[in-house]
Amino acid sequence: MSQNVFQFIDVQRVDPPKKPLKIRKIQFVEIYESFNQPQVQMQADRCLECGNPYCEWKCPVHNYIPNWLKLAKEGRILEAVELSHQTNSLPEVCGRVCPQDRLCEGSCTLNDRFGAVTIGNIEKYITDKAFEMGWKPDLSNVVKTGKRVAVIGAGPAGLACADVLARNGVTPVVFDKYPEIGGLLTFGIPSFKLEKEVMQRRREIFQGMGVEFRLETEVGKDITFADLLGEFDAVFLGVGTYKYMKGGFANEEAPGVYDALPYLIANANRLLGFEKAQADYIDFAGKQVVVLGGGDTAMDCVRTAIRQGAAKVICAYRRDEENMPGSKREVKNAREEGVEFMFNLQPVAVELDANGRTVGIKVVSTELGEPDANGRRNPVVIEGSEQVLAADAVVMAFGFQPNPQPWMAEFGIELDNRDRIKAREQAEYAFQTSNPKVFAGGDAVRGSDLVVTAIYEGRKAAEGIMDYLAV
Ligand code: FAD
Ligand code: SF4
């Protein structure tokens, strides 16, 4: 059968349809419908199968994208899913949450003039469909090495490390202080981007592969790090970054002012049935909410507030829209759902009533100054531009910094000047820390970043561990 090489012109890029707005505004369900097989065939067929595929280079885990697009096009889902798992431990997650416009799809040859191939949604389809067909990784030929590795943190870095170890006969035991696996995939990223069932299904798959999870177990509290070092052949640290950056403005500790992550975690706990006390839930129903910040976390907060039934939700950001760090796709989704955006505004102080309750946020207008050493234009305050935005809830979404665990220094695990664990891919054993038996990866090493980069580092660290253990 001769191939139509101009298929990418005849067939336009199509994204899966979104759920109706009236559902999106009240329900914590993924907003995108799934592709069906005919749609996947049409969209995958747009791939030009470039000789040197830029999408593969730009994808942090270097997925074999054109190869599995071809298999998906031909309906060979089980072969496609096997191939996609050769490079990625959580392809169904990446297909949902990667900022594809900056990664694989952003570098697709068709991107500029014709619209990139919808890589992310096809990756998601392949894995979801394979699971629906009863696919499970087949580890029946794997020879056990007798080695055991403790993995601290069940976020994407820890899970990816455990995945590669299990596939190579090393037994991983994963410890996490939370009651479900996933780290920020479960407790940070809201269900309208990634439904919680996706990770619950993955837990069953990992358990079937021989990965043991010890949840609700905090290392340093419920079990000592010394015990792990004694019991296991090596340890991997995928502990993330959990220190919230503050705004440094007046009254930011007042009642009615919240950090982004505790707000999102409380919402996830309610959805998952993990809420310990009703008072732990932060409810914005009927409230006027101002979220400060312009990244993906800010977008997750504004859209969560909408679904909780907030009366009004404003996102106030100190630069212009062009310079927002968040994904353009998520900004568009937030706007559609009713979020109001205000740009070039910098917070100065939380306004309080006589009882000390938040009633507004005082802001000043900014304009962008000259680019700094990193080429980023910093906001400059415009004198006399103060105004107060009415608000009975203010959320600070300014990003995260690593929070070194108290026991790290005692065991010779060195940090850099930004509190990140020192571990390099190019070391003799990839991602080994200054304690030879301890490896690390993900946000705790790179600083707050992406799911797919955490997966990459977890996988590479597993290779480093296996080299170190000589298995
Ligand atoms: P984490 O996911 O943070 O996992 C660390 C785990 O370690 C946690 O489960 C924690 O409980 C556990 N842990 C820590 N200390 C201990 C201890 N002492 N004992 C036991 N367990 C411990 N990235 C994207 O690519 N796309 C997105 O859309 C996106 N949205 C985001 C939205 C929000 C709100 C946030 C906060 C982040 C988002 N990110 C997104 C970033 C992404 O989630 C992170 O980069 C990624 O999860 C980092 O993975 P990790 O495994 O390093 O850490
Ligand atoms: Fe694209 Fe992310 Fe999938 Fe790589 S892992 S192909 S960057 S969606």
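Residues numbered from 1 in each chain as written. Chains lettered and ligands numbered in written order. Predicted model: local features only at pLDDT ≥ 70, side-chain atom pairs only at ≥ 80, totals over all residues. Heavy atoms only, no water.

Going by an unreviewed UniProt entry, the protein chain carries the name FAD-dependent oxidoreductase and comes from Aeromonas allosaccharophila.

S.K.: Even after reading the chapter, I still don't get the overall build of the protein chain, so can you show me in this structure?
M.R.: When helices and strands are counted, the protein chain shows 17 helices and 16 strands. In summary, the protein chain has a C-alpha radius of gyration of 23 Å against a globular reference of 23 Å for 471 residues, a match within 12%. Taken along the three principal axes of its C-alpha coordinates, the protein chain extends 70 × 65 × 45 Å. Counting all 471 residues of the protein chain, 55% fall into the buried class. Restricting to contacts in the protein chain with at least 6 residues of sequence separation, those with at least 24 account for 70%. Surface summary for the protein chain: the accessible area is close to 20700 Å², and the carbon and sulfur share equals 48%. Looking at the protein chain, you have 55 positive and 65 negative side-chain charges, and the mean spots of the two groups are 2 Å apart. (Helix = DSSP H or I, 4+ residues; strand = E, 2+ residues; numbered from the N terminus. Rg over C-alpha atoms; globule rule 2.2 N^0.38 Å. Buried < 20%, exposed > 50% of the residue type's maximum accessible area, 1.4 Å probe, protein only. Contact = heavy atoms within 4.5 Å. Areas by Shrake-Rupley, 256 points an atom, 1.4 Å probe, with all protein chains shown as cover. Lys, Arg positive; Asp, Glu negative; His and termini not counted. Charge placed at Lys NZ, Arg CZ, Asp CG, Glu CD.)

S.K.: Before we go on, may I ask you to explain the environment of Gly238 in this structure?
M.R.: By the element assignment, Gly238 lies in the loop between strand S4 (234-237) and strand S5 (243-244). Accessibility expressed as a relative area gives 12% for Gly238, which makes it buried. Here the alpha-carbon distance between Gly238 and Ala277, two residues 39 residues apart in the chain, equals 28 Å. Residues contacting Gly238, with those up to four places away along its chain left out, are Ile152, Gly153, Ala157 and Gly441.

S.K.: Honestly, the pattern of salt bridges in this entry has me stumped. Any pointers?
M.R.: As a working rule, side chains carrying opposite charge can pair if their charged atoms are close by. According to the stated counting rule, one finds 39 salt bridges in the structure shown. Notably, a salt bridge pairs Arg203 with Glu180, separated by 2.7 Å at the nearest N-O pair. Of this pair, Arg203 sits in helix H11 (residues 196-208) while Glu180 sits in the loop between strand S2 (171-175) and helix H10 (184-187), and the two are 23 residues apart along the sequence. By relative accessible area, which is 3% here, Glu180 ends up buried. When the shortest N-O distance is used, the salt bridge between Asp259 and Lys246 registers 3.0 Å. Residue Asp259 is found in strand S6 (residues 257-259), and its partner Lys246 is found in the loop between S5 and S6; the two are separated by 13 residues along the sequence. For Lys246, a relative accessible area of 38% corresponds to the partly exposed category. Within the structure, one salt-bridge network assembled from shared partners comprises Lys18, Arg24, Arg303, Arg307, Arg329, Glu330, Lys332, Glu336 and Glu337. (Salt bridge = Lys/Arg side-chain N within 4 Å of Asp/Glu carboxyl O.)

S.K.: Just checking my understanding: could you explain the sheet that holds strand S14 (residues 393-396) for this structure?
M.R.: Strand order in the open sheet made by the five strands is S6-S14-S7-S8-S9, with parallel pairing throughout. With one partner strand each, in any of the chains shown, S6 and strand S9 (340-342) form the two edges of the open sheet. Across this sheet, the average inter-strand angle for adjacent strands is 25°, counted without regard to direction. Bridge count for strand S7 (residues 288-292) against S14 is four bridges, and the pairing is parallel. What sits directly across from Leu292, in S14, is Met396. The strands that helix H13 (residues 260-272) touches are S6 and S14; relative to S6, the one it contacts most, it runs at about 80°. (Pairing = 2+ DSSP bridges. Axes fitted to C-alpha atoms, helices over the stretch in contact; angles between N-to-C directions.)

S.K.: What is the right way to look at the environment of Phe213 in this model?
M.R.: Tracing the backbone through its elements, the reader meets Phe213 in strand S3 (residues 212-214). By relative accessible area, Phe213 is classed as buried at 14%. In this structure, the C-alpha to C-alpha distance between Phe213 and Asp176, residues 37 residues apart in sequence, is 7.8 Å. For Phe213, the residues in contact, after removing those within four places along its chain, are Leu159, Val174, Ile181, Arg203, Phe206 and Gln207.

S.K.: Honestly, the site of ligand 1 in this entry has me stumped. Any pointers?
M.R.: Neighbouring residues of ligand 1: 33 residues in total, closest Val97, Asp176, Tyr242, Gln405 and Asp443. In the environment of ligand 1, an oxygen atom lies 3.0 Å from a nitrogen or oxygen atom belonging to the backbone of Ala157. In this structure, Lys193 approaches ligand 1 through a side-chain N or O atom, which is 3.0 Å from an oxygen atom. Taken together, the elements giving at least two residues each to the shell around ligand 1 come down to helix H9 (156-167), helix H14 (296-308) and helix H17 (451-469). Partitioned by chemical class, the residues of the shell around ligand 1 number 16 nonpolar, ten polar and seven charged. (Near = heavy atom within 4 Å. Polar contact = N/O pair within 3.5 Å; in protein donor to acceptor, adjacent residues only side chain to side chain. Nonpolar A, V, L, I, M, F, W, Y, C, P; charged D, E, K, R; others polar.)

S.K.: Looking at this structure, I do not really get the sheet that holds strand S1 (residues 148-152). What am I missing?
M.R.: Spatially, S3-S2-S1-S4-S16 is the arrangement adopted by the five strands of the open sheet, whose pairing is parallel. In this open sheet, the two strands that pair with only one neighbour each are S3 and strand S16 (438-440). Sheet twist, expressed as the mean angle between neighbouring strand axes with direction ignored, is 25°. Strands S1, S2, S3 and S4 of the sheet are contacted by H9, whose axis makes an angle of about 165° with S2.

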